[in-house]
Amino acid sequence: MEDKVSIITPLYNSERYVADTIRSVQAQTYQNWEMILVNDCSTDSSVQIVEEFAAKDPRIRLLHQKEQGGAAKARNHALECAEGRFIAYLDSDDLWKPDKLEKQVRFMKKKKIGFSCTSYEVIDDAGKSLDKQVYMLPKVDYVGFLTNNLLQTVGIMADLTVVDRKYLVMPDMRRRQDAATWLQVLKAGFCCYGMKDILAEYRRAAGSLSSNKLKAVKGVWKLYRDVEHLSLPFSCYCFVRYAVLAVWKRIYLSR
């Protein structure tokens, strides 16, 4: 018997993308999964689209937030209801390659590890490949992630027989709640093992490279100082590394 994978997907006004996201899960060669989508008070037709899929596929579950709370609360809601051994994350505008779950579960079982991340490629708003790939490092620990922030939510998977579920509970932050969560896992002593395989597609919406830069900078600094409580010198060191990497990514992704 294959161990079940619980896929966590926050849903908010994703009518343009969510059908393709769900189809990329249904196309998986690894079929023992449940997809838990949590509606965070969408105002478009996202809910209706998901309901149509769920009516035909019992592995798809749609939950609802009583009030809008953001991605962290939506993911935590899904985590509470997850029944699988493995937890995987897929945002409602991203996609997976058909063999993503099969290869990642096999990788984690073979190495007997609890936390991993696949490499991924970048697609544009229309789902077209930008011919840009981001490769994970073979192994990342807590300090390594602070100074080399490459983990991407679309590629993350955790094994609940190794990593306690409590470490996956996301802090109530509007920005960078996923990064704060991976730091929780890493701080608990579980390294993240990277896969060189390109198994996911991360959507880079038009204009997002240059939008909300000030908010992004503030979010990173808040993560260092208010969430991780790093010293000022070490925060500055990590921030410089983050800034250099961000510039590199911008150059790389805009080629």
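These figures come from a predicted structure and were not determined experimentally. Residue numbers restart at each chain and count upward from 1, following the sequence in its written direction. Where totals are concerned, whole chains, interfaces and linings use all residues; where local detail is concerned, this predicted model gives features only for residues with pLDDT of at least 70, and gives and counts side-chain atom pairs only at 80 or more. The basis for every side-chain value is the complete set of heavy atoms in the structure, and neither hydrogens nor water enter the calculation.

(A) Looking closely at the nonpolar core. The term nonpolar core refers to a set of buried residues drawn from Ala, Val, Leu, Ile, Met, Phe, Trp, Tyr and Cys, joined through side-chain atoms within 4.5 Å. For each residue, the accessible area found with a 1.4 Å probe, counting protein chains only, is set against the maximum for its type, and the residue is called buried under 20%, exposed over 50%, and partly exposed in between. In terms of nonpolar packing, the biggest core is built from 74 residues, with Val5, Ile7 and Trp96 touching the most fellow members. Strands are runs of DSSP state E lasting at least two residues, helices are runs of H or I lasting at least four, and both sets are numbered from the N terminus onward. In terms of residue count, the dominant contributor to this core is helix α6 (residues 177-187) (6 residues). The criterion used for residue contact is that any of the two residues' heavy atoms lie within 4.5 Å. Residues in contact with Ile7, not counting those within four places in the same chain, are Val25, Trp33, Glu34, Met35, Ile36, Ala88, Leu90, Trp96 and Leu101.

(B) Seen up close, the environment of Lys73. Here Lys73 lies in helix α3 (residues 71-81). Of the residues examined, Lys73 reaches a relative accessible area of 39% and is grouped as partly exposed. In sequence terms Lys73 and Asp172 are 99 residues apart; their C-alpha atoms lie 6.7 Å from each other. Beyond its immediate chain neighbours, meaning those up to four positions away, Lys73 contacts Gln65 and Asp172.

(C) The packing of aromatic side chains, seen in detail. Think of it this way: a Phe, Tyr or Trp ring, Trp meaning its six-membered ring, pairs with another when their centres are within 6.5 Å, and the plane angle makes it stacked under 30 degrees, edge-to-face over 60, tilted otherwise. Applying the stated criterion across every chain, the model contains 6 aromatic pairs. Relative to Phe239, the ring of Trp221 has its centre 5.8 Å away and its plane inclined at 85°; by these criteria the two rings are edge-to-face. In this pair, Trp221 sits in helix α7 (residues 213-227) while Phe239 sits in helix α8 (residues 232-253), placing the two residues 18 residues apart along the sequence. Every member of this aromatic cluster is reached through a ring pair, and the members are Tyr89, Phe115 and Trp182.

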